[in-house]
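Single-letter residue listing:
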Amino acid sequence: MTLDDLERLVGVEFPVGEFTIEGYEHWLMADAIASPPLPATVAHPMYAYYAALGGMGLTLDELFAMVGSSAADGPMFGEAGLEFREAMRVGETYRVEGGITGAARKTGKRAGVFDIVSFELRVVDPSGAVAAVSTNSFVFPRRTA
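Residues numbered from 1 in each chain as written. Predicted model: local features only at pLDDT ≥ 70, side-chain atom pairs only at ≥ 80, totals over all residues. Heavy atoms only, no water.

What is the right way to look at the packing of aromatic side chains in this model?
Each aromatic ring pair is summarised here by two numbers: the centre-to-centre distance and the angle between the ring planes. Under the criterion given, the structure shown has nine aromatic pairs. For the ring pair Phe64 and Phe138, a centre distance of 5.3 Å and an interplane angle of 75 degrees mean the geometry is edge-to-face. Here Phe64 is found in helix H4 (residues 60–66), whereas its partner Phe138 is found in strand S5 (residues 130–141), with 74 residues between them in sequence. On the basis of relative accessibility, which here comes to 7%, the residue Phe64 falls in the buried class. The class of Phe138 is buried, set by a relative accessible area of 8%. Here Phe119 and Phe138 contribute two aromatic rings whose centre-to-centre distance is 6.1 Å and whose plane-to-plane angle is 5 degrees, an arrangement assigned as stacked. (Phe/Tyr/Trp six-rings, centres within 6.5 Å; stacked < 30°, edge-to-face > 60°. Helix = DSSP H or I, 4+ residues; strand = E, 2+ residues; numbered from the N terminus. Buried < 20%, exposed > 50% of the residue type's maximum accessible area, 1.4 Å probe, protein only.)

Just checking my understanding: could you explain the pattern of salt bridges for this structure?
Opposite charge on two side chains lets them pair, provided their charged atoms get close. Counted by the stated rule, this structure contains eight salt bridges. In this structure, Arg122 and Glu13 form a salt bridge, with 3.7 Å as the shortest nitrogen-oxygen distance. Remark: Glu13 occurs in the loop between helix H1 (3–8) and strand S1 (17–20) and Arg122 occurs in strand S4 (residues 112–124); sequence separation between them is 109 residues. Overlapping salt bridges bring together Glu13, Arg95, Glu97, Glu120 and Arg122 as one network. (Salt bridge = Lys/Arg side-chain N within 4 Å of Asp/Glu carboxyl O.)

Hey, could you run me through the environment of Leu38 in this one?
Structurally, the position occupied by Leu38 is in the loop between helix H2 (23–32) and helix H3 (47–54). Setting aside its immediate chain neighbours within four residues, Leu38 contacts His26, Ala43 and His44. (Contact = heavy atoms within 4.5 Å.)

Quick question: what am I supposed to make of the side chain of Asp115 here?
Mapped onto the elements, Asp115 comes out in strand S4. Reaching out from Asp115, the side chain makes a polar contact with the side chain of Arg142 at a distance of 2.6 Å. Beyond its immediate chain neighbours, meaning those up to four positions away, Asp115 contacts Leu6, Ala104, Arg105, Phe138, Val139, Phe140 and Arg142. (Polar contact = N/O pair within 3.5 Å; in protein donor to acceptor, adjacent residues only side chain to side chain.)

Would you mind going over the sheet that holds S5 with me for this structure?
Remark on secondary structure: sheet strands pair via backbone hydrogen bonds, oriented parallel or antiparallel. Strand order across the open sheet formed by five strands is S1-S3-S4-S5-S2, with antiparallel pairing between neighbours. Each edge of the open sheet is held by one strand with a lone partner, namely S1 and strand S2 (76–84). Each neighbouring strand pair of the sheet contributes to a mean axis angle of 25 degrees, computed without reference to strand direction. Where strand S3 (residues 93–108) meets S4, 13 bridges bridge the pair, whose relative direction is antiparallel. Looking at the pairing, Ala104 lines up with Ile116 of S4. (Pairing = 2+ DSSP bridges. Axes fitted to C-alpha atoms, helices over the stretch in contact; angles between N-to-C directions.)

Can you help me understand the nonpolar core in this one?
In globular proteins that are soluble, nonpolar side chains generally tend to be buried together. If you look at the biggest cluster of nonpolar residues, it comprises 29 residues, and the most contacted ones within it are Phe14, Met56 and Met88. For this core, the elements supplying multiple residues, two or more each, are H3, H4, S3, S4 and S5. Sequence-distant contacts of Met88, defined by excluding residues within four places in its chain, comprise Ile21, Thr41, Val42, Ala43, Tyr47, Ala48, Ala51, Tyr94, Val123, Ala131 and Ala132. (Core = buried A, V, L, I, M, F, W, Y, C linked by side-chain atoms within 4.5 Å.)

As structure tokens, then:
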């Protein structure tokens with residue numbers, strides 16, 4: 001992937017997806033991480049992350065292909081951020097929308113050439129309000145760049 005191709009990805013929107021916080025999955029997750037008790041129907045805050053990535057409208061393989069890479073190329077998770085705007089609810093189905101917000105090519109002494117691709121995912125409740133925003137980046141080694 002050329003640098004121009006990479007930069008053209010900024011602003012590309014992902015297909016809209018959705019994610020339902022199933023009661024039994026929420027209970028299993030809360031039990032697995034020894035979460036303190038939460039008010040009835042309130043989902044654990046980690047669902048801002050789970051819902052965003054789980055409902056982003058494309059798979060990680062499809063995201064990797066979009067940026068000219070694959071899992072076999074060794075992409076690495078970069079950074080993540082969460083913004084909480086309202087409590088998420090067990091049993092609710094959330095719409096997930098978002099897209100690529102940044103792309104940069106860098107060179108490291110040991111790593112060589114690599115690209116950092118950032119994206120934002122908005123988790124939208126049934127009323128249309130944004131419940132949470134998840135920002136993430138992946139690092140893509142470019143052995144042939």
